[in-house]
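Fold and contact review
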Amino acid sequence: MIKQEQGRNSDPAWETRRRRAGIAAFLGGLVATLAFFAFFPGLPHVIDWGAILVALGVGGLAHWGCQSRMTKAARRRTDHM
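Reading the values: the criteria
- Residues numbered from 1 in each chain as written.
- Predicted model: local features only at pLDDT ≥ 70, side-chain atom pairs only at ≥ 80, totals over all residues.
- Heavy atoms only, no water.
- Helix = DSSP H or I, 4+ residues; strand = E, 2+ residues; numbered from the N terminus.
- Contact = heavy atoms within 4.5 Å.
- Patch = residues over 30% accessible without salt bridge, like charges linked within 9 Å, V, L, I, M, F, W, Y side chains within 5 Å.
- Areas by Shrake-Rupley, 256 points an atom, 1.4 Å probe, with all protein chains shown as cover.
- Salt bridge = Lys/Arg side-chain N within 4 Å of Asp/Glu carboxyl O.
- Lys, Arg positive; Asp, Glu negative; His and termini not counted.
- Charge placed at Lys NZ, Arg CZ, Asp CG, Glu CD.
- Axes fitted to C-alpha atoms, helices over the stretch in contact; angles between N-to-C directions.
- Parallel < 35°, antiparallel > 145°, perpendicular 65-115°, else oblique.
- Left-handed = near helix turned anticlockwise from the far one by under 90°.
- Nonpolar A, V, L, I, M, F, W, Y, C, P; charged D, E, K, R; others polar.
- Expected span 1.5 Å × (residues − 1).
- Buried < 20%, exposed > 50% of the residue type's maximum accessible area, 1.4 Å probe, protein only.

**Considerations on the overall build of the protein**
Each helix and strand counted, the protein has three helices and zero strands in total. Once local pairs closer than 6 in sequence are excluded, the contacts in the protein between residues at least 24 apart make up 65%.

This is the structure we're talking about:
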């Protein structure tokens, strides 16, 4: 089992896909949160430092979630083989 994990983690193509997906998830979470604060009715329609910090937090959470999900999916795939 250790050999399988080392093989998966040393695959540069998988690491590149994982990194790109994490970056895309971070940017998606960041942009979606900023858009929410900018366009949601009833909010003051001002992007202040609080909104930027919340957007960075949501982007970080999306990045972490995406990376975690990809790792679990890869682990499940190697366990079934």
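Now that the structure has been shown, we can carry on.
**Focus: a positive patch on the surface**
A grouping of Arg-69, Lys-72, Arg-75 and Arg-76 is seen on the molecular surface, where their side chains present a positively charged patch. Checked against the element boundaries, Arg-69 lands in helix 3 (residues 49–80).

**Concerning the packing of helix 2 (residues 12–39) against helix 3**
As a packed pair, helix 2 and helix 3 sit with axes 7 Å apart at the nearest point and diverge in direction by 150°. In terms of orientation, helix 2 and helix 3 fall into the roughly antiparallel class. Between helix 2 and helix 3 the crossing geometry is right-handed. Here the residues of the contact of helix 2 with helix 3 sort into 18 nonpolar, eight polar and three charged.

**Structural notes on helix 2**
With 28 residues, helix 2 should cover 40 Å at 1.5 Å per step; its first-to-last C-alpha distance of 40 Å lies within 8% of that length. Residues of helix 2 that are buried: Trp-14, Gly-22, Ala-25, Gly-29, Leu-30 and Thr-33.

**Quick look at the side chain of Thr-33**
Position of Thr-33 relative to the elements: it lies in helix 2. Here Thr-33 falls in the buried class, since its relative accessible area comes to 11%. Those residues in contact with Thr-33 that lie beyond four places of it in its chain are Val-54, Ala-55 and Val-58.

**Here we look at the environment of Val-58**
Inspection of the secondary structure assignment puts Val-58 in helix 3. What makes Val-58 partly exposed here is its relative accessible area of 33%. Along the sequence, Val-58 and Thr-33 sit 25 residues apart, while their C-alpha atoms lie 7.2 Å from each other. If we ignore the near neighbours within four places in the chain, the residues touching Val-58 are Gly-29 and Thr-33.

Geometry only, nothing functional implied.
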